[in-house]
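The chain contents come next:
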Amino acid sequence: MSVLQGASVTPRTRTLWTPPCEKLSGMMIAPVLANLGPLEALSFKPNPAEVEEIFTLSVSHVCSPQNRGYTHFRTGERYGYTLPVIRNGKHRVWGLTAVALEHTLKLIMPP
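Residues numbered from 1 in each chain as written. Predicted model: local features only at pLDDT ≥ 70, side-chain atom pairs only at ≥ 80, totals over all residues. Heavy atoms only, no water.

(A) Structural detail: the pattern of salt bridges. On inspection of all chains with the given rule, the structure shows two salt bridges. Linking Glu 53 and Lys 90 is a salt bridge whose minimum nitrogen-to-oxygen distance equals 3.6 Å. Of this pair, Glu 53 sits in the loop between strand S6 (44–46) and helix H1 (59–63) while Lys 90 sits in the loop between strand S8 (78–88) and strand S9 (91–93), and the two are 37 residues apart along the sequence. Since its relative accessible area comes to 39%, Glu 53 is described here as partly exposed. Residue class for Lys 90 comes out exposed when judged on its relative accessible area of 68%. The partner of Glu 102 in a salt bridge is Arg 68, and the shortest N-O contact between them spans 3.0 Å. With Glu 102 in helix H2 (residues 95–108) and Arg 68 in strand S7 (residues 68–75), this residue pair connects regions lying 34 residues apart in the sequence. A relative accessible area of 25% places Arg 68 in the partly exposed class. (Salt bridge = Lys/Arg side-chain N within 4 Å of Asp/Glu carboxyl O. Helix = DSSP H or I, 4+ residues; strand = E, 2+ residues; numbered from the N terminus. Buried < 20%, exposed > 50% of the residue type's maximum accessible area, 1.4 Å probe, protein only.)

Written as structure tokens, this is what we have:
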């Protein structure tokens, strides 16, 4: 599974499945789950203003409880909101990307 926020990819013909669009945090998003085949055969063109590094995570890694957590945000001196985070060594999937990923996983693998 690749998290490609802010990156464009030119895949060859692959099977794609797109869950319904959801309005999250006032934004309309459409997570896409795709079998892109071997990543070595793909050409990635990340937007440097959005993407520092491209990395992949397996579905089993993302679903493992020890790799999942939550980040609590404050607004001023008060509790503001909580968002999911997926840990992988120095990498973290967080923010709207983690929210979209968590939502997509619930659609394909209900608890």
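(B) Just the sheet that holds S8, in detail. Strand order in the open sheet made by the three strands is S7-S8-S9, with antiparallel pairing throughout. Edge positions in the open sheet fall to S7 and S9, since each of these has one partner strand only. Pairs of neighbouring strands in the sheet enclose a mean axial angle of 40°, with direction left out of account. Of the pairings in the sheet, the one linking S8 to S9 comprises three bridges and is antiparallel in character. Paired with Ile 86 across the strands is Val 93, a residue of S9. In this fold H2 packs onto S7, S8 and S9, with an angle of close to 70° to the strand it touches most, S8. (Pairing = 2+ DSSP bridges. Axes fitted to C-alpha atoms, helices over the stretch in contact; angles between N-to-C directions. Contact = heavy atoms within 4.5 Å.)

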